[in-house]
Amino acid sequence: QKPEYIVQFLASGRLLDIVKDDENFGWGALISFKKKQGTGTAGQAGKQAEQSEGQMYTLEVLLKCVVREFDDEDENAANKLMAAQTSWRGATQNCRAFVDGDDESKVEMRVFSCNLNHIQNISQVR
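Predicted model, so just to flag it, every value in this text is computed and none were measured. Within each chain, residue numbers correspond to sequence positions counted from 1 in written order. Residue-level local features of this predicted model are given only where pLDDT is at least 70; pairs of side-chain atoms are given and counted only at 80 or more, and the full residue set underlies all totals for whole chains, interfaces and linings. Side-chain measures here rest on the full set of heavy atoms in the structure, leaving out hydrogens and waters.

Digging into the pairing of strand β1 (residues 15-20)
Where β1 and strand β2 (residues 23-35) come together, six bridges link them in antiparallel fashion. When the sheet's bridge partners are listed, D17 is paired in β2 with W27. Note: two strands are recorded as paired if DSSP finds a minimum of 2 bridges between them. Helix and strand labels come from DSSP, where a helix needs a run of H or I of at least four residues and a strand needs a run of E of at least two; each type is numbered from the N terminus. The loop that links β1 with its antiparallel partner β2 comprises two residues; one of these, D21, has a positive phi angle of about 50°.

So, the pattern of salt bridges
Here, a salt bridge means any Lys or Arg side-chain nitrogen found within 4 Å of an Asp or Glu carboxyl oxygen. For the structure shown, the criterion picks out two salt bridges. For D102, the salt bridge goes to R96, with nearest N and O atoms at 3.1 Å. What makes R96 buried here is its relative accessible area of 16%. As a salt-bridge pair, R110 and E108 come within 2.9 Å of each other at their nearest N and O atoms. Accessibility here uses a 1.4 Å probe with only protein chains present; expressed as a share of the type maximum, an area under 20% marks a residue as buried, one over 50% as exposed, and anything in between as partly exposed. Residue classification places R110 among the buried positions, given a relative accessible area of 2%.

Observations concerning the side chain of E23
You can see E23 is positioned in strand β2. Under the relative-accessibility criterion, E23 is labelled buried at 18%. A 3.5 Å cut-off defines polar contacts: any pair of N or O atoms within that distance qualifies, except that in protein one atom must be a possible hydrogen donor and the other a possible acceptor, and neighbouring residues in sequence count only when both atoms are side-chain atoms. There is a polar contact of 3.1 Å between the side chain of E23 and the backbone nitrogen of A97. With sequence-adjacent residues up to four places away left out, E23 is seen in contact with I18, R68, T92, C95, R96 and A97. We call two residues in contact whenever any of their non-hydrogen atoms come within 4.5 Å of each other.

Comments concerning the environment of S123
Note that S123 resides in the segment after β7 (119-122). Residues S123 and A29, spaced 94 residues apart in sequence, show a C-alpha to C-alpha distance of 9.9 Å. Residues within four places of S123 in sequence aside, it is in contact with R14, L15 and W27.

Quick look at the confidence of the model for the protein
Regions with low pLDDT should not have their predicted coordinates read in detail. Per-residue confidence from the predictor is reported as pLDDT, a score between 0 and 100. Overall, the prediction assigns the protein a mean pLDDT of 79, with 70% of residues at 70 or greater. Mean pLDDT across the elements of the protein bottoms out in helix α3 (residues 77-85) (54) and peaks in β1 (95).

Notes on the nonpolar core
Definition used in this section: a nonpolar core is a set of buried Ala, Val, Leu, Ile, Met, Phe, Trp, Tyr and Cys residues joined via side-chain atoms within 4.5 Å. Grouped together as the largest cluster of nonpolar side chains are 20 residues, with contacts concentrated most on L16, L59, V61 and I119. Looking at this core, the element that brings in the most residues is strand β3 (residues 57-67), giving six residues. In this structure, L59 is in contact with L10, L16, L30, S32, F33, F112, S113, C114, N115, L116 and I119, ignoring residues within four places of it in sequence.

As structure tokens, this is what we get:
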């Protein structure tokens, strides 16, 4: 996943196999990517981001997921559904990877921010 090899293949619509925070989200469509402009500021975190090649690119990937709130069944399901439908941005804190056997009504498509280190495979076609 070195930028000099993979960036030339990143184009909107390309399918990427994503693993983020030890969860395999499977194949998703690349919506956009951009190179981060490292300034060397922001203390230690900025220096680490500048040194890590995988962190220099931000990818927006459309992935299938299940909102974690749906994992708990209770009387507030309608309120949770309404709150979940208002958010289009995915994060591993509030969404988990879709697995076979999940209720299709709880599966959503969300846009996740990823970096090059999250890419496991890249499709040949787009």
